[in-house]
Each structure stands twice: as structure tokens, then as C-alpha cells.
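Now for the letters of each chain:
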Amino acid sequence: YVRTTGDGRIVAGGEDSDQQRARVRDSHIAEKSGSILAKVSALLERDDLVVDKSWAATFGTSPDTLPALGPAKGGAGRVWLSYGFGGNGIAFAALAADLLPRALAGEPVPELARYDPYRFS
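The notes below deal with the structure included here. Everything quoted here is computed from the prediction, not taken from an experiment.

### Some thoughts on the overall build of the protein chain
If you tally the helices and strands in the protein chain, you get 3 helices and 4 strands. Walking the protein chain from its N terminus toward its C terminus, one meets helices and strands in the order β-β-α-α-β-β-α. For the protein chain, whose C-alpha radius of gyration is 19 Å, the value lies well above the compact-globule estimate of 14 Å for 121 residues. Counting only C-alpha atoms, the protein chain reaches 55 × 35 × 20 Å along its principal axes. Across the protein chain, the fraction of contacts at a sequence separation of at least 24, relative to all contacts at a separation of at least 6, is 48%. Computed over 14 positive and 15 negative side-chain charges, the separation of the two mean positions in the protein chain equals 7 Å.

### Brief notes about unusual backbone geometry
Positive phi outside glycine occurs at E45, with the angle close to 55 degrees. Inspection of the secondary structure puts E45 in the loop between α2 (29–44) and β3 (68–71). Even without a glycine there, the phi angle at A76 is positive, about 50 degrees. As for its position among the elements, A76 is in the loop between β3 and β4 (80–83). Accessibility expressed as a relative area gives 60% for A76, which makes it exposed.

### A closer look at the side chain of S62
With respect to the helices and strands, the residue S62 is situated in the loop between α2 and β3. Polar contacts involving the side chain of S62 include one to the main-chain carbonyl oxygen of L66, which spans 2.8 Å. If sequence neighbours within four positions are ignored, S62 has contacts with R119 and F120.

### Notes on the packing of aromatic side chains
Enumeration over the complete set of coordinates arrives at 0 aromatic pairs. A cation sits over an aromatic face here: K73 above Y118, 4.4 Å from the ring centre.

### A look at the pattern of salt bridges
Summed over all chains, the structure comprises 9 salt bridges. In this structure, R25 engages D26 in a salt bridge whose closest nitrogen and oxygen atoms are separated by 2.8 Å. The shortest N-O distance in the salt bridge between R102 and D98 comes to 3.2 Å. Separated by 4 residues within a single helix, R102 and D98 lie in helix α3 (residues 89–104), roughly one turn from each other.

### Describing the environment of V11
With respect to the helices and strands, the residue V11 is situated in strand β2 (residues 10–12). Judged by its relative accessible area of 17%, V11 is buried. Taking the C-alpha atoms as reference points, V11 and G70, 59 residues apart in sequence, are found 32 Å from one another.

### Section: the nonpolar core
Membership of the largest hydrophobic core is limited to 8 residues, which are L69, A96, L99, L100, A103, V109, L112 and Y115. Excluding its chain neighbours within four sequence positions, the residues that come into contact with Y115 are L66, P67, A68, L69, L95 and L99.

The rules we used
Residues numbered from 1 in each chain as written. Predicted model: local features only at pLDDT ≥ 70, side-chain atom pairs only at ≥ 80, totals over all residues. Heavy atoms only, no water. Helix = DSSP H or I, 4+ residues; strand = E, 2+ residues; numbered from the N terminus. Rg over C-alpha atoms; globule rule 2.2 N^0.38 Å. Contact = heavy atoms within 4.5 Å. Lys, Arg positive; Asp, Glu negative; His and termini not counted. Charge placed at Lys NZ, Arg CZ, Asp CG, Glu CD. Buried < 20%, exposed > 50% of the residue type's maximum accessible area, 1.4 Å probe, protein only. Polar contact = N/O pair within 3.5 Å; in protein donor to acceptor, adjacent residues only side chain to side chain. Phe/Tyr/Trp six-rings, centres within 6.5 Å; stacked < 30°, edge-to-face > 60°. Lys NZ or Arg CZ within 6 Å of the ring centre and 35° of its normal. Salt bridge = Lys/Arg side-chain N within 4 Å of Asp/Glu carboxyl O. Core = buried A, V, L, I, M, F, W, Y, C linked by side-chain atoms within 4.5 Å.

Set out below in C-alpha cells:
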């Protein structure tokens, strides 16, 4: 992916891997950063781009790949959870934006049972 910021900087990413051990994952940052820089430079036909910051992260996922949406235990109905969007962030964020306001307004939302944050415990 490639996008720009309001101040004209470029944010680019990719080079994903399934590595979950932070030390191993992070040992590849320089190599992957260089690869992403080369791809963006070629795409934009620029040879003057430089990397300002680079990082790596681990994608979280649930066993069923669905997000967690619903009230937090012990939150007395005042604390709600909405997490686990990973690579499907846009689609699941839209889902959360539809379901959670309805539930917070007191409307019955039976679909939330499918996304119960505690369904695996």
C-alpha cells in the first residue's frame, strides 16, 4: 500500500510475513524497508526518496478471523470493546460503525453475538 499524508510525505508498506517473534520480525526491518523504498521509487519514477522511519508489527487475528465487538466484562455496560480488525480493517470498521451505535442506543442487535469478545474463553 502507498498513501500520502497531509504534509506531502509518503507512507508505504507491505512485505508482510507471518513471523510473530518480535526479535526475528524486527531483524528484517532494514531489508524490507529497502525493498519497499525500491518499489515506491520505481512506481513514482523517483530516485531521491529516503526512508525517514520504518517499523514492523504483528497482525493480530482471532481463531475465526472475525473482530471482537461488544460490552466489556465488568464495565457495567459503560465500556465496549471494538478490536481485531487486522488486514480487514476497513470492512470490519464499517461493521463496527453500524452495529455498535445501534447497540449503544439500546436497540437489540442480535448480530453482535457472532462477534462476542469472550467467545473463545
